[in-house]
2 protein chains.
Amino acid sequence: MPQKQLHLTAFMRPVSLHSGAWRYPGAYADANFNLAHLTSFIQKLESAKFDAFFMADHLAVMNMPIEALKRSHTITSFEPFTLLAALSAVTTKIGLAATASTTYEQPYHIARRFASLDHLSGGRAAWNIVTTGNPDSSKNFGQDEHMEHADRYKRAREFFDVVTGLWDSFADDAFIRDKESGIFFDPERMHTLNHKGDSLQVKGPLNIARPVQGWPVIVQAGQSEPGRQLAAETAEVVFCSPRDLAGSKALYADIKGRVRAAGRNPDHLKILPAAFVVVGDTAEDAQEKRLKLDSLVHYDTAIASLSVMLGTDARVFDPDQPIPENLPKTNASQTAQDGVVKLGKDEGLTVRQIAQRMGGYSGLAFVGTPEEIATEMQQWLDEEGADGFTVVFPFLPQGLDAVAEKLIPELQRRGLFRKDYEGATLREHLGLPRPGNQFFKESVL
Amino acid sequence: MPQKQLHLTAFMRPVSLHSGAWRYPGAYADANFNLAHLTSFIQKLESAKFDAFFMADHLAVMNMPIEALKRSHTITSFEPFTLLAALSAVTTKIGLAATASTTYEQPYHIARRFASLDHLSGGRAAWNIVTTGNPDSSKNFGQDEHMEHADRYKRAREFFDVVTGLWDSFADDAFIRDKESGIFFDPERMHTLNHKGDSLQVKGPLNIARPVQGWPVIVQAGQSEPGRQLAAETAEVVFCSPRDLAGSKALYADIKGRVRAAGRNPDHLKILPAAFVVVGDTAEDAQEKRLKLDSLVHYDTAIASLSVMLGTDARVFDPDQPIPENLPKTNASQTAQDGVVKLGKDEGLTVRQIAQRMGGYSGLAFVGTPEEIATEMQQWLDEEGADGFTVVFPFLPQGLDAVAEKLIPELQRRGLFRKDYEGATLREHLGLPRPGNQFFKESVL
């Protein structure tokens with residue numbers, strides 16, 4: 001059996017999820033909001049043959065206390081759709097995944113924009129379906145209260161049906177453009193959706209040809225019960241945040257099982273956990289980089305986060321000593337307390353360093369040499385913990401360059417990652433089929 | 001006194017408003033929906049030093065009978081915003097004007113997208129504020145009925161205040177990015193809008209830095225009473241459709257007077273009527289091109305349009321004879337009937353040719369040699385009928401090339417049009433000031 005292949009997307013909004021990233025020595029402080037930098041990043045990722053450039057989104061300033069917010073490089077960001085359209089003109093192969101909300105958007109607009117991006121990019125668009133988690137968003141859209149979780153997912157499911165229905169407004173062969181007869185398109189090959197559902201009423205047809213990929217690739221990030229079910233029914237890529245391989249294998253098995261139960265081929269949904277990747281020349285070098293980066297997180301906000309996590313005021317501990325063994329029993333999760341204590345022991349960290357880890361980036365991380373990281377990634381792939389990863393960079397450009405120039409060649413040497421793009425569209429990079437048109441079965445392209 | 005300068009924008013969605021354009025011999029049949037063609041058009045317009053590339057928009061398939069619709073090259077178009085973001089990456093100077101609806105959009109989205117386009121393009125964005133005329137749009141956005149005209153304009157005025165308020169969320173100097181202290185921005189230089197009005201409630205702040213131009217340039221196209229008033233209070237460019245110089249002078253005087261009455265400088269609003277421009281090597285050559293183009297309009301739909309205009313069934317007339325002098329008195333406008341009879345006499349047209357003119361493009365047209373057209377344009381400029389024009393092309397690429405390569409050099413020879421861009425932003429091309437930040441008066445950039 002041939003070696004399974006990793007799929008890699010790059011998490012790029014913000015360009016790093018680590019809150020100290022912009023302060024790292026030599027890092028671009030404005031990397032998240034500088035078109036020239038973003039252009040160089042995507043071109044570097046394309047030369048490294050990444051599957052896609054992935055943009056999260058927020059429909060409000062991040063909901064954090066002002067003392068933390070004023071230290072955050074996320075405060076000013078490009079709107080993902082506009083940026084990806086611009087970047088489509090300076091790239092030719094890499095996929096372009098934009099987040100768009102089903103709660104605060106209209107399906108006619110979303111269908112048009114993704115169809116446009118797919119045409120403009122020659123079939124490289126993906127839609128990351130979110131229901132929007134930040135409750136502050138509602139106040140920017142005329143609503144005092146954020147819609148309830150269950151209602152958001154109900155609307156999301158219907159929204160997906162409407163958008164895909166609108167994408168299928170025209171058969172692939174609808175546009176005749178016969179100068180002689182003067183017939184531009186065949187009205188028999190146009191479908192009017194006439195959707196009337198619980199949350200949405202949309203007549204159609206869409207005023208744009210069917211996307212190059214049929215439908216842009218569907219991405220979904222929810223890990224909740226309704227999120228997993230929505231993904232199983234609709235998604236082709238799942239972005240998730242497991243803490244470790246055991247947790248990821250359970251999630252992987254659950255979602256792939258749901259896909260099978262929904263009558264779909266489980267190979268047609270790729271599970272790509274978020275992974276913070278710090279590449280070093282030696283294991284120590286990588287660890288030092290990470291500790292240096294963590295040290296740039298402001299202590300006041302870091303210790304506040306740790307206090308919440310532990311359920312006790314961590315400011316009373318000596319910041320430069322290990323965390324006390326016998327933490328007071330509190331309402332906080334015992335697992336969280338145990339995790340913090342274990343982290344301190346495993347890596348020999350002080351209270352300050354633990355707090356800064358929690359305030360920097362505390363999710364799944366691969367920190368080491370290219371060889372060590374490649375071995376870990378292969379294990380996740382072979383043990384069905386992942387079909388690849390959504391790579392989170394520690395700081396830019398250096399952290400991204402190290403992945404592109406050191407880790408990717410090692411993955412290629414091991415036959416785990418493509419040496420060149422074999423197809424033209426994002427669906428082809430991901431090994432996903434082009435969906436048929438639900439209204440024009442005989443359509444061929 | 002130095003010669004006043006023309007401002008020229010290019011009407012590019014659809015790429016030609018003439019319904020026969022795509023059938024013209026040698027024209028690109030898919031010009032309206034082909035990125036490579038659109039890229040060559042905008043680069044040609046930039047080399048000709050046009051102020052801006054202007055995209056109208058429709059939030060539904062055009063509301064025409066299917067017999068006409070199936071002959072229309074407008075059926076598939078890019079969403080303007082996505083296209084302009086992509087084209088921003090292949091141009092450096094030309095302005096990028098996108099239409100966006102205040103009736104079927106949310107101000108937080110609009111403010112973000114235009115701010116993003118302005119940053120991505122280095123200060124070249126313009127927002128054409130429309131309230132959406134096509135009533136079919138409502139059915140694509142969950143509403144059975146299109147909002148009433150007066151309500152649409154009331155919402156538009158408030159929408160403008162919200163969007164400009166969101167653009168002013170940050171002082172120009174808010175972003176400190178001090179790696180040493182870890183302070184990314186100064187919260188004292190961020191403003192939360194907290195708008196609560198009749199139509200809209202929007203909290204803010206926007207999650208993007210203030211646009212390069214302060215505010216993207218504001219364009220308005222309404223000619224109705226509330227449309228003119230909205231323009232006088234908010235617009236910096238007015239797009240309009242007068243029939244002739246006398247009508248345009250009246251409109252020009254009215255709008256400039258309203259601008260003065262609103263306490264604004266009338267030079268800070270540019271009036272750019274739509275003009276269909278057909279350049280020929282001789283006057284006869286230009287006329288022949290136009291007649292050839294008109295002849296490509298399908299007779300059945302053309303004669304139906306003419307019948308509606310005349311208020312009588314024009315199919316009973318001999319298509320190859322002049323129009324009868326004594327048309328039956330009907331409920332149709334006498335002015336419309338007289339205009340049709342006069343057109344037939346002035347140009348010696350048959351019923352068929354008149355019908356095809358009405359079904360092709362019946363608005364203001366400049367048809368002639370570069371010298372003749374330059375003389376007409378100068379007259380409109382000097383007599384205060386216009387500050388320039390929104391150029392509508394007859395067919396592409398030839399009709400656009402003729403404007404860029406023959407008309408523009410003639411205008412430049414006469415000192416009526418720039419030989420090169422003097423500024424970097426669209427505001428600078430148009431001679432418009434950069435608005436101050438309403439919440440941070442002392443802001444300097």
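Sequence order as written defines the numbering, with residues in each chain counted from 1. Chain labels run from A onward and ligand labels from 1 onward, assigned in the order the entries are written. pLDDT decides what is reported in this predicted model: residues at 70 or higher carry local features, side-chain atom pairs at 80 or more are listed and counted, and totals for whole chains, interfaces and linings draw on all residues regardless. Just so you know, side-chain values use all the structure's heavy atoms and leave hydrogens and water out.

### Some details on the overall build of chain A
Definition in use: Per the convention used, a helix needs a DSSP run of H or I reaching at least four residues, while a strand needs a run of E reaching at least two, with both numbered from the N terminus. Our radius of gyration is a C-alpha quantity, and the globule rule it is checked against amounts to 2.2 Å times the number of residues to the power 0.38. Only protein chains enter the calculation, and the probe is 1.4 Å; a residue is then buried if its accessible area is under 20% of its type maximum, exposed if over 50%, and partly exposed in between. Here, residues are in contact when the closest pair of their heavy atoms is within 4.5 Å. Think of it this way: Lys and Arg go in the positive column, Asp and Glu in the negative one, and His and the chain ends go nowhere. Charge positions come from single atoms, namely NZ of Lys, CZ of Arg, CG of Asp or CD of Glu.
Scanning chain A for helices and strands turns up 14 helices and 13 strands. At 23 Å, chain A has a C-alpha radius of gyration in line with the 22 Å of a compact globule built from 445 residues. Each principal axis of the C-alpha atoms in chain A carries an extent, and together these give about 85 × 55 × 45 Å. Counting the 445 residues in chain A, one finds 61% classified as buried. Relative to all contacts within chain A whose residues are 6 or more apart in sequence, the contacts with residues 24 or more apart total 77%. With 47 positive and 56 negative side-chain charges, chain A shows a spacing of 1 Å between the two charge centroids.

### Topic: the interface of chain B and chain A
Note the threshold: Buried area is calculated as the accessible area (1.4 Å probe) missing from two parts once they are joined, with the contributions of both summed. The working definition used for a salt bridge is a side-chain nitrogen of Lys or Arg within 4 Å of a carboxyl oxygen of Asp or Glu. Counting of polar contacts relies on pairs of N or O atoms within 3.5 Å, with two restrictions inside protein: one atom must be capable of donating a hydrogen and the other of accepting it, and residues adjacent in sequence are counted only when both atoms are side-chain atoms.
Listed per partner, the contact involves 74 residues of chain B and 74 residues of chain A. Carbon and sulfur atoms make up 63% of the area that chain B and chain A hide from each other, which totals about 6,300 Å². Among the residues chain B hides against chain A, the three largest losses belong to L120, K179 and F184 of chain B. Together they make up 11% of the total. Taken together, chain B and chain A are joined by six salt bridges. Across the salt bridge formed by E105 of chain B and R113 of chain A, the nearest N and O atoms sit 2.7 Å from each other. For the interface between chain B and chain A, the tally reads 36 residue pairs in polar contact (both at pLDDT 80 or more). Looking at the side of chain B that touches chain A element by element, the count peaks at eight residues for helix α4 (residues 107-120) of chain B.

### Here we look at the relation of the copies chain B and chain A
To keep things clear, this is the line we draw: Here the copies are matched by least squares. The fit uses the C-alpha atoms of residues with pLDDT of at least 70 in both.
Superposition of chain B onto chain A requires a rotation of 180 degrees combined with a translation of 0.0 Å along the rotation axis, giving an RMSD of 0.0 Å. Taken together, the rotation and translation describe the operation of a two-fold axis. Looking at the rotation axis and the C-alpha trace of chain B, the residue lying nearest is A86 of chain B, at 2.0 Å. Of the residues that chain B buries at the interface, 100% are likewise interface residues in chain A, meaning the two copies contact each other through the same surface.

### Some points on the UniProt feature "domain: Luciferase-like" (unreviewed entry) in chain A
Keep this limit in mind: UniProt positions are given in the numbering used here, feature names are shortened, and annotations may be inferred rather than shown by experiment.
The residues that UniProt annotates with the feature "domain: Luciferase-like" (unreviewed entry) are residues 26-386 of chain A. The span residues 26-386 of chain A shows a helical share of 41% and a strand share of 14%, and its end C-alpha atoms are spaced 33 Å apart.

### Topic: empty space enclosed by the protein
The probe, sized like a water molecule, is rolled over the atoms to show the empty space still left. Quick note on the threshold: Points on a 1 Å grid over protein atoms alone make up a cavity when a 1.4 Å probe fits among them but cannot get out, and a pocket when they form an open set with protein on both sides within 12 Å along at least five of seven lines; lining residues each have an atom within 4 Å of a point. Grid points are joined across faces, edges and corners, and a volume is the space filled by probe spheres set on the points. Gly is placed with the polar residues, together with every amino acid not listed as nonpolar (Ala, Val, Leu, Ile, Met, Phe, Trp, Tyr, Cys and Pro) or charged (Asp, Glu, Lys and Arg).
Enumeration according to the criterion identifies nine cavities of 30 Å³ or more in this entry. Quantified by volume, the largest cavity comes out at close to 120 Å³. Looking at the largest cavity, it is lined by 14 residues, and the ones nearest its centre are R113 of chain A together with E79, T99, A100 and E105 of chain B. Listed by contribution, the elements that provide at least two residues to the lining of the largest cavity are α4 (107-120) of chain A together with β3 (95-101) and α4 of chain B. Of the voids in this model, the second largest cavity is the one considered here, and its volume is about 100 Å³. Where the lining of the second largest cavity is concerned, the elements lending two or more residues are β2 (52-55), β9 (217-220), β10 (237-240) and α14 (426-430) of chain A. Residue composition of the lining of the second largest cavity, by class: eleven nonpolar, two polar and no charged.

### Concerning the pairing of strand β3 (residues 95-101) of chain A
Residue and element names in this part refer to chain A. The condition that has to hold: The pairing criterion is simple: DSSP has to find at least two bridges between the two strands.
Counted residue by residue, β3 has seven buried out of seven residues, so it is predominantly covered. On β3, burial covers both faces: G95, A97, T99 and S101 on one face and L96, A98 and A100 on the other are all buried. Bridge analysis of β2 against β3 gives four bridges, and the strand direction is parallel. Note on β3: the bridge partner recorded for A52 is G95.

### Quick look at the pattern of salt bridges
All names here are of chain A. Overall, the coordinates contain 66 salt bridges over all chains when judged by the stated rule. One salt bridge connects R418 with D51, and the closest N-O pair in it is separated by 2.8 Å. With R418 in the loop between α13 (398-413) and α14 and D51 in the loop between α1 (35-47) and β2, the pair connects residues that are 367 residues apart, well separated along the chain. Salt-bridge contacts for E233 lead to R157; the nearest nitrogen and oxygen are separated by 2.5 Å. Separated by 76 residues along the polypeptide, E233 in helix α6 (residues 225-234) and R157 in helix α5 (residues 149-167) bring together distant segments of the chain. For E233, a relative accessible area of 32% translates into the label partly exposed.

### Observations concerning the packing of aromatic side chains
Heads up, the rule is: Pairing of aromatic rings covers Phe, Tyr and the six-membered ring of Trp, with a centre-to-centre limit of 6.5 Å; geometry is then stacked below 30 degrees between planes, edge-to-face above 60, and tilted otherwise. Consider the ring centre and the ring normal. A charge sits over the ring if Lys NZ or Arg CZ is within 6 Å of that centre and within 35 degrees of that normal.
Counted under the stated rule, the structure contains 43 aromatic pairs over all chains. Look at F170 of chain B and F185 of chain B: their rings are 5.9 Å apart centre to centre, the planes differ by 80 degrees, and that puts the pair in the edge-to-face class. One end of the pair, F170 of chain B, is in the loop between α5 (149-167) and β5 (175-178); the other, F185 of chain B, is in strand β6 (residues 183-185), with 15 residues separating them in the sequence. By relative accessible area, which is 0% here, F185 of chain B ends up buried. The rings of F81, F114, W127, F159 and W167 of chain A are connected pair by pair, giving a single aromatic cluster. The ring of Y299 of chain A has R352 of chain A sitting right over it, with the charged end atom 4.9 Å from the ring centre.

### Some words on the environment of L416 of chain A
The residue L416 of chain A is located in the loop between α13 and α14 in this model. In this structure the C-alpha to C-alpha distance between L416 of chain A and E148 of chain A, which are 268 residues apart in sequence, comes to 42 Å.

### Regarding the packing of helix α3 (residues 80-88) of chain B against α4 of chain B
All names here are of chain B. Short version of the rule: Note on method: axes are straight lines fitted to C-alpha atoms, helices fitted across the in-contact stretch only, with angles between N-to-C directions ranging 0 to 180 degrees. With respect to orientation, any angle under 35 degrees is reported as roughly parallel, any angle over 145 as roughly antiparallel, any angle of 65 to 115 as roughly perpendicular, and every other angle as oblique. Throughout, a crossing is termed right-handed when the near helix is turned clockwise from the far one, and left-handed when it is turned anticlockwise from it by less than a right angle.
Viewed as axis vectors pointing N to C, α3 and α4 meet at an angle of 15 degrees, and their least axial separation amounts to 9 Å. Taken together, the axes of α3 and α4 lie roughly parallel to each other. Seen from above, α3 lies across α4 with left-handed handedness. Of the residues in α4, those touching α3 at F81, L84, A85 and S88 are R113, F114, L117 and L120. When the residues that make up the contact of α3 with α4 are grouped by side-chain class, the tally is six nonpolar, one polar and one charged.

### Some remarks on helix α13 (residues 398-413) of chain B
Residues and elements named next belong to chain B. The line we're drawing: Here, expected helix span is obtained from the residue count minus one, scaled by 1.5 Å. Given a residue, its bend is the angle between the two axes fitted to the seven residues that end at it and to the seven that start from it.
With 16 residues, α13 should cover 22 Å at 1.5 Å per step; its first-to-last C-alpha distance of 22 Å lies within 8% of that length. Helix geometry: α13 is bent most strongly at L407, by close to 30 degrees, with proline P409 lying one to four residues after it. Among the residues of α13, G399, L400, A402, V403, A404, L407, I408, E410, L411 and Q412 are the ones counted as buried.

### Concerning the side chain of R124 of chain B
All names here are of chain B. Within the element layout of this structure, R124 appears in the loop between α4 and β4 (125-130). Here R124 occupies a buried position and makes no salt bridge, while the nearest side chain of opposite charge, E46, is found at 4.3 Å. From its side chain, R124 meets the backbone oxygen of S88 in a polar contact 3.0 Å long. One polar contact links the side chain of R124 to the main-chain carbonyl oxygen of I94, over a distance of 2.8 Å. Excluding residues within four positions of it along the chain, R124 makes contact with E46, S88, T91, T92, K93, I94, G95, L96, D118, Q213, A424 and L426.

### A word on the nonpolar core
Basically, it comes down to this: Nonpolar cores were defined as sets of buried Ala, Val, Leu, Ile, Met, Phe, Trp, Tyr and Cys residues, with membership established by side-chain atoms within 4.5 Å.
Ranked by internal contacts, the top residues of the largest apolar core, which has 180 residues, are F50 of chain A together with F50 of chain B. Setting aside its immediate chain neighbours within four residues, F50 of chain A contacts L8, T9, A10, L45, I94, V391, F393, V403, I408, F417, R418 and Y421 of chain A.

### Details of a negative patch on the surface
Just so we agree on the cut-off: Exposure above 30% relative accessible area and the absence of a salt bridge qualify a residue for a patch, where like charges join within 9 Å and nonpolar side chains (Val, Leu, Ile, Met, Phe, Trp, Tyr) within 5 Å. Areas reported as accessible are Shrake-Rupley estimates using a 1.4 Å probe. Residue values count occlusion only from the protein chains shown.
On the surface, E284, E288, E371, E372 and E376 of chain B cluster together into a negatively charged patch. By residue number, the principal contributor to the negative patch is helix α12 (residues 370-382) of chain B, which donates three residues.

### Remarks on the environment of G263 of chain B
Residues and elements named next belong to chain B. You can see G263 is positioned in the loop between α7 (245-261) and β11 (270-279). Note on G263: relative accessible area 67%, which makes it exposed. Separated by 41 residues in sequence, G263 and G222 place their C-alpha atoms 20 Å apart.

### A closer look at unusual backbone geometry
For the bond running from R13 of chain A to P14 of chain A, omega is -5 degrees, close enough to zero to count as cis. Tracing the chain through its elements places P14 of chain A in the loop between β1 (7-11) and α1. Positive phi values are uncommon outside glycine, yet N194 of chain B reaches one of about 55 degrees.

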